[in-house]
Amino acid sequence: MSQIATLILDGESHDFPVIVGTENEPAIDISSLRARTGHITLDQGYGNTGSCESAITYIDGEKGILRYRGIPIEQFANGPNFIEVAWLLIFGRLPNVEEYAEFANELTHEANIDEGMRHHFDSFPRKAPPMAILASMVSALSCFHPELLELDDPSRFRSAAARLMSKIRTIAAFAYRHSQGLPYMYPDPREKYVNNFLHMMFSMPYDHYVDDDLVRDALNMILILHADHEQNCSTSTVRMVGSSHANLFASCSAGISALWGPLHGGANVAVLEMLQRIHDGQLTPQEYVKLSKDKESGVRLMGFGHRVYKNFDPRARLLADIAGELLPRLDKNDPLLNIARELEEIALQDPYFVERKLYPNVDFYSGIILRAIGIPVNMFTVIFAMGRLPGWIAHWWEQQQENARISRPRQVYQGNGLTDYTPLHGRKR
Ligand code: CMC
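Below you will find a few notes about this structure. None of these values were measured; they are calculated from a predicted model.

Secondary structure summary: the protein chain contains 17 helices and six strands in total. Taking 22 Å as the expected radius of gyration for a compact globule of 429 residues, we find that the protein chain reaches 23 Å, a close match to that expectation. Once the C-alpha set of the protein chain is aligned to its principal axes, its extents read approximately 80 × 70 × 55 Å. Residues classed as buried in the protein chain amount to 48% of the 429 residues present. Restricting the contact set of the protein chain to residue pairs at least 6 apart, pairs at least 24 apart contribute 70%. Averaged over its 41 positive side-chain charges, the protein chain has a centre that lies 6 Å from the centre of its 52 negative ones.

Here it is as structure tokens:
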């Protein structure tokens, strides 16, 4: 039997339907609230607000569950490659052999960027943050592919998705090469997605980067683990921008900007900086944890806590395992890994973190792995963006299919009452 939620305002009752999701998570549908009562809801940070119904990713933060299209994240640990997972997220089910081959071919075919676009890289300062370059160049794709600005049928959408998935990798690698003053390495059609990225990052014109299976598998897994996370800040941004019917490239560029912040994707950089600070002897792990509990300090234990997970982030568990296996096999004894483990141990026993249910999140170990495979720190969030792209594309398309209303929250105004304009020279200060 369907449930009803009753709101009593000024003695008058108003009934609202309760929507129940596939996994029995209930939500009160208040879409008629303002029309019926004149009231809105106030929910800063949207912690209690469902912005849409979605069939892409399921998270149970209390139990530490993450599933892509119903498949538990742990099942991706030893199997598929990132492109299969991207297809799953974007098109709703696992691809068959032909579909996979066709999409992979399309990615290979689309890996180059227009030469005009490549010239843009030269005008960025050497020290330009790669995230700024990524956001600009993904937006610039709108200029070079005007035929994909309106995606009114699935086959055109598929072309746009393949182009974006493939070109973001080239743009990311070129951003790095530019920052280093190194020659751009063009994509190699013989290489698969992850290997091709590593080639564009690390090959030299006279020296082809030699694939290392361990490195490729670790990076593949990092991309998979970042591929979607339902209505996080950047994905909500993509949906918000897409709700105005802005094109796919513009919407994903906005997502990249949202991801950049240190409370979101930029946390993987902040984690490394924190570990380095401790390693350099500025603070002990104990002192750092103490500081992070002091609200006045403005310091947080980076890579800890999550809006949704009130239990272990399952991605952090998988990444901790990968870091533990990969570093010894690459013969790397990174002192930062030991510091991370020590911080984790201290925090998990500290009542402050226990009471608030703050656990390591995806960013806690990803930076250590990326560092071990030779990715520079300023590229960490770029890798996160490459990983998250299939999720953004999937959400953008899902929303377009629903023909949803433009996203336009309301506010509770708390500013001046009616105030008269004072001419410039009549103002006191
Ligand atoms: N270190 C110390 N205290 C923390 C931390 C932390 N990392 N995270 C949350 N808290 C405290 C916070 O001060 C608050 O305390 P109180 O109840 O006394 O006021 C309580 O825990 C609840 O925190 P909140 O800020 O209300 O939680 P939120 O859901 O708004 O924020 C978060 C979630 C991820 C932004 C936050 O936990 C944080 O800043 N973590 C560090 C940054 C980080 O690792 N971000 C990556 C997130 S996961 C990947 C991604 O989304 O990109």
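Along its 23 residues, helix α17 (residues 380-402) runs 34 Å from first to last C-alpha, staying within 8% of the 33 Å computed at 1.5 Å per residue. At Arg388, α17 shows its strongest bend, of approximately 40 degrees, with the proline Pro390 following within four residues. Of all 23 residues in α17, 20 are buried; the element is thus mostly enclosed. Phi turns positive, to about 50 degrees, at Asn403, one or two residues after α17.

Before going further, it helps to examine the state of the cysteines. Tallied over the full model, the rule gives zero disulfides. Here Cys52 stays free of any disulfide, with the sulfur of Cys233 as its closest cysteine sulfur at 14 Å. Unpaired in this structure, Cys252 has its nearest cysteine sulfur neighbour in Cys233, at a distance of 14 Å. For Cys252, a relative accessible area of 0% corresponds to the buried category.

It is worth spelling out the nonpolar core at this point. One finds Tyr68, Tyr193, Met274, Leu275 and Ile393 to be the most contacted residues of the largest nonpolar core, which totals 120 residues. Ranked by residue count, the leading element in this core is helix α6 (residues 154-180), at 13 residues. Sequence-distant contacts of Tyr68, defined by excluding residues within four places in its chain, comprise Ile56, Thr57, Ile73, Phe76, Val85, Leu88, Leu89, Ile224, Leu225, His226, Ala227 and Asp228.

Surveying the vicinity of the ligand reveals 21 residues, the closest of which are His264, Arg300, Leu301, Gly303 and Arg307. Within the backbone of Phe304, a nitrogen or oxygen atom sits 2.9 Å from a nitrogen atom of the ligand. Contact distances for the ligand include 3.0 Å between an oxygen atom and a side-chain N or O atom of Arg356. About the coverage of the ligand: the protein hides 76% of its 930 Å² of free accessible area.

The subject of this paragraph is the sheet that holds strand β3 (residues 26-28). Here three strands make up an open sheet; going across it, the order is β1-β2-β3 and the pairing antiparallel. Among the strands making up the open sheet, the edge pair consists of β1 (4-9) and β3. Taking each pair of neighbouring strands and ignoring which way they run, the sheet shows an average axis angle of 30 degrees. Where strand β2 (residues 12-20) lies against β3, three bridges are found, and the strand directions are antiparallel. Its bridge partner lying in β3, Ile19 is registered against Ala27.

Here helix α5 (residues 130-144) spans 20 Å end to end across 15 residues, near enough to the 21 Å set by a 1.5 Å rise per residue. Buried residues of α5: Pro130, Met131, Ile133, Leu134, Ala135, Met137, Val138, Ala140, Leu141 and Ser142, and no others. Looking at the buried side of α5, the elements it contacts are α4 (115-123), α6, α10 (248-260) and α17.

What follows concerns the sheet that holds strand β4 (residues 57-60). Overall, antiparallel pairing links the three strands, which are arranged β4-β5-β6 in an open sheet. Pairing within the sheet leaves two strands with one partner each, and these edge strands are β4 and β6 (71-72). Summarising the sheet, strand β5 (residues 65-68) and β6 pair through two bridges and their orientation is antiparallel. Opposite Tyr68, over in β6, you have Ile71 as the bridge partner.

With that settled, the discussion passes to the side chain of Ser234. Relative to the helices and strands, Ser234 is located in helix α9 (residues 233-242). A distance of 2.9 Å separates a polar atom in the side chain of Ser234 from a polar atom in the side chain of Asn232. With residues near it in sequence (within four places) discarded, Ser234 still touches Gly255, Ala258, Leu259, His264, Arg388 and Trp392.

Next up on the list: the packing of α4 against α5. Each packed pair of helices is defined by two parameters, the angle between the axes and the distance between the axes. As a packed pair, α4 and α5 sit with axes 11 Å apart at the nearest point and diverge in direction by 150 degrees. Viewed along their axes, α4 and α5 adopt a mutual orientation that is roughly antiparallel. Where α4 crosses over α5, the handedness of that crossing is right-handed. On α5, the residues touching Gly116, Met117, His120 and Phe121 of α4 are Ile133, Met137, Ala140, Leu141 and Phe144.

A side chain with one charge can pair with a side chain of the opposite charge if their charged atoms come near. All chains considered together, the criterion is met by 19 salt bridges. Salt bridges linked by common partners bring Glu110, Glu147, Arg163 and Lys167 together as one network.

Mapped onto the fold, Phe16 is located in strand β2. A residue is classified by how much of its surface remains accessible, and Phe16, at 2% relative accessible area, is buried. Here the alpha-carbon distance between Phe16 and Asn78, two residues 62 residues apart in the chain, equals 45 Å. Those residues within four positions of Phe16 in sequence are excluded, and the remaining contacts are Gln3, Ile4, Ala5, Leu7, Ile28, Asp29, Ile30, Ser32, Leu33 and Arg36.

Rules of the game
- Residues numbered from 1 in each chain as written.
- Predicted model: local features only at pLDDT ≥ 70, side-chain atom pairs only at ≥ 80, totals over all residues.
- Heavy atoms only, no water.
- Helix = DSSP H or I, 4+ residues; strand = E, 2+ residues; numbered from the N terminus.
- Rg over C-alpha atoms; globule rule 2.2 N^0.38 Å.
- Buried < 20%, exposed > 50% of the residue type's maximum accessible area, 1.4 Å probe, protein only.
- Contact = heavy atoms within 4.5 Å.
- Lys, Arg positive; Asp, Glu negative; His and termini not counted.
- Charge placed at Lys NZ, Arg CZ, Asp CG, Glu CD.
- Expected span 1.5 Å × (residues − 1).
- Bend = angle between axes of the 7 residues up to and from the residue.
- Disulfide = S-S within 2.5 Å.
- Core = buried A, V, L, I, M, F, W, Y, C linked by side-chain atoms within 4.5 Å.
- Near = heavy atom within 4 Å.
- Polar contact = N/O pair within 3.5 Å; in protein donor to acceptor, adjacent residues only side chain to side chain.
- Areas by Shrake-Rupley, 256 points an atom, 1.4 Å probe, with all protein chains shown as cover.
- Pairing = 2+ DSSP bridges.
- Axes fitted to C-alpha atoms, helices over the stretch in contact; angles between N-to-C directions.
- Parallel < 35°, antiparallel > 145°, perpendicular 65-115°, else oblique.
- Left-handed = near helix turned anticlockwise from the far one by under 90°.
- Salt bridge = Lys/Arg side-chain N within 4 Å of Asp/Glu carboxyl O.

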